[in-house]
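Notes for the structure review
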Amino acid sequence: MNYSIALVPGDGIGPEVTSKAVDVLKFTGGKFGHIFNFVELEAGGCAIDATGEPLPDSTLEAARRSDALLLGAVGGPKWETQPGHLRPERALLGLRAGLGVFANLRPATLLPQLREACPLKEEVLRASHPEGKPTFDILIVRELTGGIYFGERGREGDEKSPDSSAFDTERYSRAEIERVLLTAYDAAAKRRGKLCLVDKANVLESSRFWREICAEIAAAHKNIETSYMYVDNCAMQLVRAPGQFDVIVTSNIFGDILSDEASVLSGSIGMLASASIGAKEAGRKYPPGMYEPIHGSAPDIAGKDLANPLAAILSAAMMLRYSFSLEREALAIEAAVNSALDSGLRTTDIAGRAKDSGEKIVGTNEMATAVMKALENA
Ligand code: NAD
């Protein structure tokens, strides 16, 4: 099969890590008989330099014509004084809106090789893991384009008066809730078959609406074990017993907070991938999908062969799984990343402190080469 991928390397370490993800994708394509064609596009600071705009129309149009988009990172000190509407990060919002992606999928996985990077005690990890292992593997599905971040907001009254007030509104339509829940159920079916809806249904009417709709969808998805949890409890359970979770699905604001909490448990941001996906439209082969590491452009290490390319490579694996349903190929990339870590290779961000750990510190290039070698031998 032929797949067309929009490539947006962006700024800072973006081009370094995406070029490694492209190498891995091409290699995987060769091994499994697919052709991945890449269209390189400008967005972020480099696009401001080239065109005066963070997201040129031509980039968005080309991205919309592609089967999926792989992005590095945007931004950096050079563009920090730009006015708000001309900041590199505007490109991310424009791409998400323009592609119509509404579900953000963020894996929070603790790989056993990186156990030391997790701030939780080993016994805490083991206690909640179904097989007693000191690890966890969670997927947080966050609604991305609705809720309080986009609801009606404003201020009323004279600013200095005690009666003055400010408000933000959490409002969700049935259609917005259904589509993100269905995405989460699909993801759970590709994983361990467990889904937990996180809300505040003891207080919020909007949360009660989420629960009602989730119960309807659960009834039609008997293969998935559905549970419900209040967000305050979930914030605690993530640090007390993370091994109990498979897929967590939640609203925009709760997902924003919980996914950051979960990312700290996984160790370096250099390891964390993400996907933002939307609904399939008529005339398109695949639903739109935007895949990117969660880290930024890391200007402090850009161009020094220090960036960890694994988050970008794992984002490419997510693209294969969630946009193209190439599960075998996605698993092969994930296994190759595991194998590179098993052999003791570490970029500086994930290196342990023990002197006799048997680890070898490597740069971006050597880490990516090790992943491809492992793929070759798989
Ligand atoms: P950052 O994620 O770029 O860096 C934070 C720290 O993590 C730095 O010390 C960096 O060296 C390190 N780091 C990040 N990715 C790494 C990797 N792959 N390997 C090794 N170390 C890594 O966050 P920041 O410093 O707050 O932001 C820098 C710029 O990136 C800013 O302009 C910010 O606006 C932008 N940013 C962009 C995105 C995005 O494009 N999605 C996300 C966050 C921040």
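The rules we used
- Residues numbered from 1 in each chain as written.
- Predicted model: local features only at pLDDT ≥ 70, side-chain atom pairs only at ≥ 80, totals over all residues.
- Heavy atoms only, no water.
- Buried < 20%, exposed > 50% of the residue type's maximum accessible area, 1.4 Å probe, protein only.
- Helix = DSSP H or I, 4+ residues; strand = E, 2+ residues; numbered from the N terminus.
- Pairing = 2+ DSSP bridges.
- Expected span 1.5 Å × (residues − 1).
- Near = heavy atom within 4 Å.
- Polar contact = N/O pair within 3.5 Å; in protein donor to acceptor, adjacent residues only side chain to side chain.
- Nonpolar A, V, L, I, M, F, W, Y, C, P; charged D, E, K, R; others polar.
- 1 Å grid on protein atoms, 1.4 Å probe; cavity = no way out; pocket = protein on both sides within 12 Å on 5 of 7 lines; lining within 4 Å.
- Points joined across faces, edges and corners; volume = space filled by probe spheres on them.
- Domains from an automatic or database assignment.
- Axes fitted to C-alpha atoms, helices over the stretch in contact; angles between N-to-C directions.
- Parallel < 35°, antiparallel > 145°, perpendicular 65-115°, else oblique.
- Contact = heavy atoms within 4.5 Å.
- Core = buried A, V, L, I, M, F, W, Y, C linked by side-chain atoms within 4.5 Å.

Considering the pairing of strand β10 (residues 247-250)
Judged by which residues are buried, β10 turns out to be covered on both faces: Val247 and Val249 on one side and Ile248 and Thr250 on the other are all buried. Pairing of strand β8 (residues 194-199) with β10, which is carried by 4 bridges, proceeds in the parallel orientation. Across the sheet, the residue bridging to cysteine 196 is isoleucine 248, located in β10.

Description of helix α12 (residues 364-377)
Helical periodicity: at 3.6 residues per turn, an α-helix aligns residues three or four positions apart in one direction. Given a rise of 1.5 Å per residue, 14 residues ought to cover 20 Å, and the 20 Å separating the end C-alpha atoms of α12 matches this to within 8%. Along α12, the residues classified as buried are Thr364, Met367, Ala368, Ala370, Val371, Met372, Ala374 and Leu375.

Some remarks on the site of the ligand
Around the ligand, the structure places 20 residues, and the nearest of them are Val74, Glu89, Gly296, Ala298 and Asn308. Within the side chain of aspartate 300, an N or O atom sits 2.9 Å from an oxygen atom of the ligand. Here the residues of the shell around the ligand are counted per class, giving 9 nonpolar, 7 polar and 4 charged.

Description of the environment of glycine 14
Position of glycine 14 relative to the elements: it lies in helix α1 (residues 14-32). The class of glycine 14 is buried, set by a relative accessible area of 0%. The spatial distance from the C-alpha of glycine 14 to the C-alpha of valine 247 is 28 Å, given a sequence separation of 233 residues.

Concerning the layout of surface pockets
Roughly 860 Å³ of internal volume is contained in the largest pocket. Taken together, 32 residues line the largest pocket, and the ones lying closest to its centre are Thr109, Leu111, Asp137, Arg191 and Glu334. Counting only elements with at least two residues in the lining of the largest pocket, the list comes to β4 (101-109), β5 (137-143), α10 (310-323) and α11 (327-342). Of the residues contributing to the lining of the largest pocket, the split by class is 17 nonpolar, 6 polar and 9 charged. Empty space within the second largest pocket amounts to approximately 570 Å³. Every residue lining the second largest pocket is counted, 24 residues in all, and those nearest its centre are Leu92, Arg96, Arg142, Leu144 and Glu292. Of all the secondary-structure elements, those providing two or more residues to the lining of the second largest pocket are β3 (68-73), α4 (90-99), β4, α9 (252-265), β11 (273-278) and β12 (289-293). The leading source of residues in the lining of the second largest pocket is α4, at 4 residues. Domain assignment of the residues forming the lining of the second largest pocket places at least three in each of domain 1 (1-102 + 279-378) and domain 2 (119-265).

What about empty space enclosed by the protein?
Tallying each qualifying case throughout the model produces 1 cavity of 30 Å³ or more. Contributing elements (two or more residues each) for the lining of the largest cavity: β8 and α7 (205-219). Residues of the lining of the largest cavity, tallied by class, amount to 3 nonpolar, 3 polar and 2 charged.

Some remarks on the packing of helix α8 (residues 231-240) against α9
Running from N to C, α8 and α9 point in directions that differ by 10°, and their axes come no closer than 10 Å. Here α9 runs roughly parallel to α8, going by the angle between their axes. Taking contact as the criterion, the partners of Val231, Cys234, Ala235, Leu238 and Val239 in α8 are, on α9, Phe254, Leu258, Glu261 and Leu265. The residue makeup of the contact of α8 with α9, split by class, is 8 nonpolar, no polar and 1 charged.

Let's talk about the nonpolar core
Leu105, Val141, Leu181, Leu195, Tyr291, Ile313 and Phe324 are the most contacted members of the largest nonpolar core, which has 73 residues in total. Looking at this core element by element, the count peaks at 10 residues for α10. Both of domain 1 (1-102 + 279-378) and domain 2 (119-265) provide at least three residues apiece to this core. The residues touching valine 141, leaving out its near neighbours within four places in the chain, are Ala103, Asn104, Leu105, Val180, Ala184, Val247, Ile248, Val249 and Thr250. Core analysis: the next-biggest nonpolar cluster, separate from the first, contains 20 residues, Cys118, Leu120, Ile140 and Cys196 among them.

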